[in-house]
Amino acid sequence: MEALDRVVKPKTKRAKRFLEKREPKLKENTKNAMLIKGGNANLTVTEVLKDIYAVKKPFAVLYKKKNITRPFEDQTSLEFFSKKSDCSLFLFGSHNKKRPNNLIIGRMFDYHVLDMIELGIEKFVSLKDVKNSKCPEGTKPMLIFAGDMFDVNEEYRRLKSLFIDFFRGPSVPNIRLAGLECILHFTAVDGKIYMRSYKVLLKKSGCKIPRIELEEMGPSLDLVMRRTHLASDDLYKLSLKQPKALKPKKKKNISHDVFGTTYGRIHMQKQDLGKLQTRKMKGLKKRPAEKSAEDDGVSPKKSKSA
């Protein structure tokens with residue numbers, strides 16, 4: 001006999017608001033991430049989780065206690081934490097002899113693991129090691145990806161999508177030039193992924209457009225890809241499905257060309273050119289004989305030449 005999911009009915013207004021906040025929406029909220037430390041995490045992994053938490057704040061939850069779990073073998077604990085904290089992204093850090101300085105980045109769909117990629121840390125420079133000014137909390141970063149592997153290889157393409165989901169931040173309708181302060185740069189070359197973070201400095205240039213300089217801010221990571229757990233094409237396509245209410249309605253008689261130019265088609269009734277109003281001139285004015293002939297239905301006689 002299959003166990004049926006228990007329907008939770010709110011007893012207070014606060015509980016009702018809490019459940020309504022977690023209900024599916026047409027426009028989803030900014031995705032939250034949970035950062036979990038494994039049972040045998042070392043100092044390097046702990047510092048990496050703290051620095052990425054500082055970059056991701058306030059859309060992140062950091063679990064400081066150690067959790068003995070292996071995501072590639074058993075995913076129930078991750079799904080439990082995801083439902084508890086309402087997080088659809090996760091970063092799990094661990095360390096052992098077989099896989100030292102290990103990070104597992106992944107995302108959820110309907111509180112179940114969708115994609116999961118294991119990365120090894122080969123080099124790490126923390127935020128506190130770089131003695132430069134930092135960006136304020138909650139700054140939306142600009143994401144830059146370099147390397148053909150992000151477009152050619154399916155695993156790297158899925159990793160790029162994971163990084164975008166993880167670091168993109170909230171959707172904003174307008175952009176302020178002074179708000180473009182943080183850059184996260186990802187480079188894939190020779191089987192490694194290099195993550196660098198920079199602060200954008202706007203300098204005087206003598207004209208309206210400022211001169212831009214980049215200052216390394218931290219954290220800095222050299223990563224290598226290890227194991228992967230990717231969703232099937234059908235499940236991945238289902239996770240990208242949008243509700244019908246968000247799809248733009250098709251407008252009749254409007255088309256677009258390859259350059260984005262909009263063309264509209266107008267349907268007009270058949271025109272009677274005999275009733276077309278022309279310019280009034282004395283030379284075009286009809287004589288009384290012609291008007292009476294038209295009324296009788298007889299063509300006017302031509303005047304005899306003298």
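Since the model is a prediction, treat every value here as computed from it, not as a measurement. What you see as residue numbers is a count from 1 along each chain, following the sequence as written. Since the coordinates come from a predicted model, pLDDT governs what is reported: local features require at least 70, and pairs of side-chain atoms require 80 or more to be given and counted, while whole-chain, interface and lining totals use all residues. The basis for every side-chain value is the complete set of non-hydrogen atoms in the structure, without hydrogens or water.

UniProt positions are given in the numbering used here, feature names are shortened, and annotations may be inferred rather than shown by experiment. On the UniProt side, "domain: Brix" (unreviewed entry) is annotated at positions that read residues 31-234 here. Runs of E in the DSSP output that reach at least two residues are strands. Runs of H or I that reach at least four are helices, and both are numbered from the N terminus. Along residues 31-234 one finds 22% helix and 41% strand; the C-alpha atoms at either end are 22 Å apart.

This part covers the side chain of Ser 197. Residue placement: Ser 197 occurs in strand S8 (residues 192-203). Polar contacts here mean pairs of N or O atoms no more than 3.5 Å apart (in protein, one a potential hydrogen donor and the other a potential acceptor; neighbouring residues in sequence count only if both atoms are side-chain atoms). A polar contact is formed between the side chain of Ser 197 and the backbone oxygen of Pro 219, at a distance of 3.1 Å. We call two residues in contact when some of their heavy atoms are within 4.5 Å. In this structure Ser 197 touches Ile 183, Leu 184, Glu 215, Glu 216, Met 217, Gly 218 and Pro 219, once residues within four positions along its chain are discounted.

Another point: the nonpolar core. General note: in soluble globular proteins, nonpolar side chains tend to be found buried as a group. With 30 residues, the main nonpolar core has Ile 105, Leu 119 and Ile 193 as its most contacted residues. Every residue in contact with Leu 119, bar those within four places of it in the chain, is listed here: Asn 101, Asn 102, Leu 103, Ile 105, Leu 159, Phe 163, Ile 193, Leu 223, Val 224, Met 225 and Arg 226. We define a nonpolar core as any set of buried Ala, Val, Leu, Ile, Met, Phe, Trp, Tyr and Cys residues linked to one another through side-chain atoms lying within 4.5 Å. Burial here depends on accessible area, computed with a 1.4 Å probe over protein chains only, as a share of the maximum for the residue type. Under 20% is buried, over 50% is exposed, and the range in between is partly exposed. Formed by twelve residues, the second largest nonpolar core is a distinct cluster that contains Met 34, Cys 87, Met 108 and Val 113.

The next point concerns the pairing of strand S5 (residues 112-125). Successive side chains on a regular strand alternate, one facing one side of the sheet and the next facing the other. One ladder, built from eight bridges, connects strand S4 (residues 102-109) with S5; its direction is antiparallel. Its bridge partner lying in S5, Asn 102 is registered against Gly 120. A pair of strands is labelled paired if DSSP reports no fewer than 2 bridges between them. The turn linking S4 back onto S5 is made up of two residues, and Asp 110 within it adopts a positive phi angle of 60°. Pairing between S5 and strand S10 (residues 220-229): eight bridges, direction antiparallel. Paired with Met 116 across the two strands is His 229, which belongs to S10.

Right, let's get into the pattern of salt bridges. Any two side chains of opposite charge can pair, on the condition that their charged atoms come close. Each salt bridge in this description consists of a side-chain nitrogen of Lys or Arg and a carboxyl oxygen of Asp or Glu lying within 4 Å of one another. Under the definition given, this model contains 14 salt bridges. When salt bridges with common partners are traced through the structure, they connect Lys 31, Arg 107, Asp 115, Glu 154, Arg 157, Arg 158 and Asp 165 into a single cluster.

Residue Pro 58 is reached from Lys 57 by a cis peptide bond, and omega for that bond is 5°. Position of Pro 58 among the secondary structure elements: in the loop between helix H2 (43-56) and strand S2 (60-67). One non-glycine residue, Asp 110, adopts positive backbone phi at about 60°. In this structure, Asp 110 sits in the loop between S4 and S5. A relative accessible area of 58% places Asp 110 in the exposed class. For Asn 253, which is not glycine, the phi torsion reads 60° and is therefore positive.

With that settled, the discussion passes to the packing of aromatic side chains. Stacked, tilted and edge-to-face are the three classes assigned to paired rings of Phe, Tyr and Trp, where Trp is represented by its six-membered ring and a pair needs centres within 6.5 Å; plane angles under 30 degrees give stacked, over 60 edge-to-face, the rest tilted. This structure, assessed with the given rule, holds nine aromatic pairs. Where Phe 167 meets Phe 186, the ring centres are 6.0 Å apart and the plane angle is 40°; that geometry is what we call tilted. With Phe 167 in helix H5 (residues 154-167) and Phe 186 in strand S7 (residues 182-189), the pair connects residues that are 19 residues apart, well separated along the chain. There is no split in this pair, since Phe 167 and Phe 186 are both buried. Of the aromatic side chains, those joined through ring pairs into one cluster are Phe 145, Phe 150, Tyr 156, Phe 163, Phe 166, Phe 167 and Phe 186. Consider the ring centre and the ring normal. A charge sits over the ring if Lys NZ or Arg CZ is within 6 Å of that centre and within 35 degrees of that normal. Taking NZ or CZ as reference, Arg 158 lies 4.0 Å from the ring centre of Tyr 236, over its face. Sitting over the ring of Phe 72, Arg 227 keeps its end group 4.3 Å from the ring centre.

Patch membership requires over 30% relative accessible area and the absence of a salt bridge. Like charges are linked within 9 Å, and nonpolar side chains (Val, Leu, Ile, Met, Phe, Trp, Tyr) within 5 Å. Surface accessibility in these figures is a Shrake-Rupley result with a 1.4 Å probe; residues are shielded only by whichever protein chains are displayed. On the surface, a cluster of nonpolar side chains totalling about 390 Å² of accessible area is made up of Leu 177, Leu 202, Ile 212 and Leu 214. Considering the arrangement of structural elements, one finds Ile 212 in strand S9 (residues 211-216).

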